[in-house]
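# Breakdown of the fold
Each chain, written out:
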Amino acid sequence: MDRLSDQAASTRMLETMAHNLLSALARASVPTSTNPAPTPILTPSPITTSAPTPSSTASHASRINNALKRQFPGMYSGGAVNKGKARFKTPDKPHRVTDLPVFVLPGPTTMTPKGSKELELAHAGLGKKVVLVPESAKHSEIVSLMEGEFTKLRALMGRWMFFKATGGSGQRKLSIIPIDSDGYSGRQLRVASNNGKNVLYLVPLQEELETEPLPFSSPEFSKMPKVLCNKCLETVPLQMLTLHSENCQTTEQTDKIIIDDNDDEDDEGDSDADVDCTVEKGVCPICQLEFPATELPHHANICAERSSNTEEHMDPNLPSTSSLNTTPPLPAQTTEGWKTAAPSKAVRIFMEGLRREADHQQPLQLTLNAGDTDEERDGTLISFYKQRRETCQWAADFRCSILVGVGVMRNTLSTAISKLTRGFKKNMGNAGVTTIFEGQREHLVPNLSATILECDLFAMAGRMVGHSAIHGGPSLSGLSPTFIDALICGTKDIVTSKLCLEDCPEIEVRDTISLLLKEEWTDEESVRVANLCTEWYFPVPTKETNRLLLFQQLLSHAVLGRANAQIKQFRKGIKETGIWPLLTARPDVLPLLFPREKDVELTPQMVLKLISWPEASADSDESEDEMSASKITLISGFFRTFVEEASSDVLKDLTKFWTGWELPMQRLTLQIVKSRGRHHLPTASTCYERLRVPDHYKSGSELKSDLQQCLQSVETGFGLI
């Protein structure tokens, strides 16, 4: 009974609580007054259950929704509640923009511009600029952006494409950026430029753009910062100030020159004008004529040679004292003919043009002492050619202080070229003789010594080669054909088929590389090849390795890869002398400037053909007045026998002793003179290619012995036997 009574009490309590909840909800829907009536106390009463009507259910639901809105306005809006993390609207992402560096070139080309041309192109409204390119930009939009930054592109009407450069420094090759079917896009340019880190080159496909400088008020310079020039007080873009300063300075100098010219014209008719135009002069002790003091030693040497001439009239074909070239000056209008002339004539015309442009330059003076040791002489040569000079100075008149004359200059140039292969007697840390080029005959390559490279001796060698070529001197012969191609074209453009094992000067490395041509290796040979590949960071060969390809790679690295810095330095030295345009524009002249050893060999027939033999006559000088024709014939026969039996190297030394260098001249004069005793040795007048042989020889062996003793002096200079 107690349990039933407790259940009945619980049921009544639940009914009371539900009734109170419904009353509270009902009161919430009625507007409240200012003084609300007191809430009546409800007493429990029996509730009759009945089915709810649809209207009452809807009204209850709306009242519940309204109550929830008031209690939780931010989370419940009366409708379906969105669940999950994306409850709030995310903002739209902005479009990606790339700072694209673009360099506009003036015309169709496959190479990047030189560094010296970048400022000139920028002054012409071309050059490099940074363009903001959206990633979503299409081809037409990109064309509009480029034409907005570079107004000169509008004339092209889109006839251009983008290129990119290969790695490295200096002038590099350009490779085209392929265009999509719908043209360039911003995303494609961003990827091609590595997010704006690399420069893209815009190259016209057909037209040439104007490169005339634009005024600084042009819209192309509107975004550049402006500064005031302190010379002409003109507002100039900051990037163009360096170029403007050169022109501005030139204008000031031109104004001063014009003023000075006017002043000279005003003073021209004034006899009282105080003008000091005196020049110190001296009298030649031989011809008793006046010459400037600076030119007197040079003239006296030539005048002494002329006075010792046995002929009544001088040969008009003898060399001029003002230049080492034996050919007459060319007219100015023919200086451009080297581009179409035959190779030998092209070299002559080009070098003559360089010498003509250097007529206003001071002569180059080399100071040598006849008493210096071999090491001191070589040190003087190295110091002279290591100095950097302007291009036109290398074509100026060349003089040597040891003696005055064309023959001395010839000997100096010949010695400088021969030292490149025979070696300077200068200790560079590893040997008493330092050679710039090493290897076997016809396959000379640069010495790989780091000391020689750090001392800029390859640049010195390039200046020696260019200086000798300008003055018609000896050429550097015996170089490897592969090295010459690498010098002119660059190592990356070399055809590997020109390489050969003889180009590798190191015998041990050459033998190891040659093992790749064998089919079977011993264990020792396998270790040698593996060590070499590991040292040079090449893959160690296996059974599947293409040995022929690896052979070419190792040989190319041995000959060219390791000598890349030496080649660049040698090329730089040649460029400084001004002959580089000839080498690049006329590759057919390379065999003349870098000949093979076999092409410069001298034969007895070549020398005998050039000799002017002596003859007994009434017009001969005093040394031949009492000399019979039989004695002249006897001594001449001894000399002919010596020439016929001489090798090419001996003939080169003879020609160098005779004329100053080993190049054959148009005529070699031989004279038989009266002997002053048994110790009277043959002598030479190199300026006039004249060899004097005394008449006391009784046999050909005596003459041969004395001539060999004389030829030893070609290595030490003049007068040292």
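Report follows, based on the coordinates. Bear in mind that the values here come from a model prediction, so they are computed numbers and not experimental data.

### Looking at the overall build of the protein chain
- Looking only at helices and strands, the protein chain features 23 helices and 17 strands.
- Every one of the 721 residues in the protein chain was classed for burial, and the buried ones make up 40%.
- At a minimum sequence separation of 6, the contacts of the protein chain that also span at least 24 residues come to 65%.
- Summed over all atoms, the accessible surface of the protein chain reaches about 42,100 Å², with 53% contributed by carbon and sulfur.

### Overview of the environment of Arg389
- Its location among the elements puts Arg389 in the loop between helix 9 (374-386) and strand 11 (398-400).
- Taking the relative accessible area as the measure of exposure, Arg389 reaches 17% and is therefore buried.
- Beyond its immediate chain neighbours, meaning those up to four positions away, Arg389 contacts Leu364, Phe384 and Trp394.
- Looking at Arg389, its side chain comes within polar contact range of the main-chain oxygen of Phe384, at 2.9 Å.
- At 2.9 Å, the side chain of Arg389 and the side chain of Gln387 are in polar contact.

### Concerning unusual backbone geometry
- Phi at Asp456 takes a positive value of approximately 60 degrees, unusual for a residue other than glycine.
- Relative to the assigned elements, Asp456 resides in the loop between helix 11 (450-454) and helix 12 (457-470).
- Phi at Glu689 is positive, roughly 50 degrees, even though this residue is not glycine.
- Residue placement: Glu689 occurs in the loop between strand 16 (683-685) and strand 17 (690-694).

### Structural notes on the environment of Lys426
- Residue position: Lys426 is located in the loop between helix 10 (406-422) and strand 12 (437-438).
- By relative accessible area, Lys426 is classed as partly exposed at 28%.

### Quick word on the nonpolar core
- Counting residues in hydrophobic clusters, the biggest one holds 109 residues, and the most contacted among them are Tyr385, Leu420, Ile436, Phe437, Phe570, Phe594 and Phe639.
- A total of eight residues in this core trace back to one element, the largest contributor, which is helix 12.
- Apart from the residues lying within four places of it in its own chain, the contact partners of Phe570 are Phe437, Phe458, Ala459, Ala461, Gly462, Val465, Leu476, Phe483, Leu487 and Phe594.
- Core analysis: the second largest hydrophobic core is formed by 30 residues, Val131, Leu189, Ala192 and Leu202 among them.

### Quick word on the pairing of strand 17
- Counting buried positions along strand 17 gives five out of five residues, so the element sits mostly inside the fold.
- Neither face of strand 17 is exposed, since Arg690, Arg692 and Pro694 on one face and Leu691 and Val693 on the opposite face are all buried.
- The pairing of strand 15 (residues 668-673) with strand 17 spans five bridges and is classified as parallel. Considered in strand 17, the bridge of Leu670 is made with Leu691.
- Across three bridges, strand 16 lies against strand 17 in antiparallel orientation.

### Comments concerning the sheet that holds strand 15
- If you trace the four strands from one edge of the open sheet to the other, you get 14-15-17-16, paired in mixed fashion. The strands lining the two open edges of the sheet, one partner per strand, are strand 14 (611-612) and strand 16.

### Focus: the packing of helix 21 (residues 629-645) against helix 23 (residues 700-711)
- Viewed as axis vectors pointing N to C, helix 21 and helix 23 meet at an angle of 60 degrees, and their least axial separation amounts to 9 Å. With respect to helix 23, the element helix 21 is oriented oblique. Helix-helix and strand crossings are classified by hand; for helix 21 and helix 23 the assignment is right-handed. On helix 23, the residues that touch Ile635, Phe638, Phe639, Phe642 and Glu645 of helix 21 are Gly700, Leu703, Lys704, Leu707 and Leu711.
- A per-class count over the contact of helix 21 with helix 23 returns seven nonpolar, one polar and two charged.

The rules behind these values
- Residues numbered from 1 in each chain as written.
- Predicted model: local features only at pLDDT ≥ 70, side-chain atom pairs only at ≥ 80, totals over all residues.
- Heavy atoms only, no water.
- Helix = DSSP H or I, 4+ residues; strand = E, 2+ residues; numbered from the N terminus.
- Buried < 20%, exposed > 50% of the residue type's maximum accessible area, 1.4 Å probe, protein only.
- Contact = heavy atoms within 4.5 Å.
- Areas by Shrake-Rupley, 256 points an atom, 1.4 Å probe, with all protein chains shown as cover.
- Polar contact = N/O pair within 3.5 Å; in protein donor to acceptor, adjacent residues only side chain to side chain.
- Core = buried A, V, L, I, M, F, W, Y, C linked by side-chain atoms within 4.5 Å.
- Pairing = 2+ DSSP bridges.
- Axes fitted to C-alpha atoms, helices over the stretch in contact; angles between N-to-C directions.
- Parallel < 35°, antiparallel > 145°, perpendicular 65-115°, else oblique.
- Left-handed = near helix turned anticlockwise from the far one by under 90°.
- Nonpolar A, V, L, I, M, F, W, Y, C, P; charged D, E, K, R; others polar.

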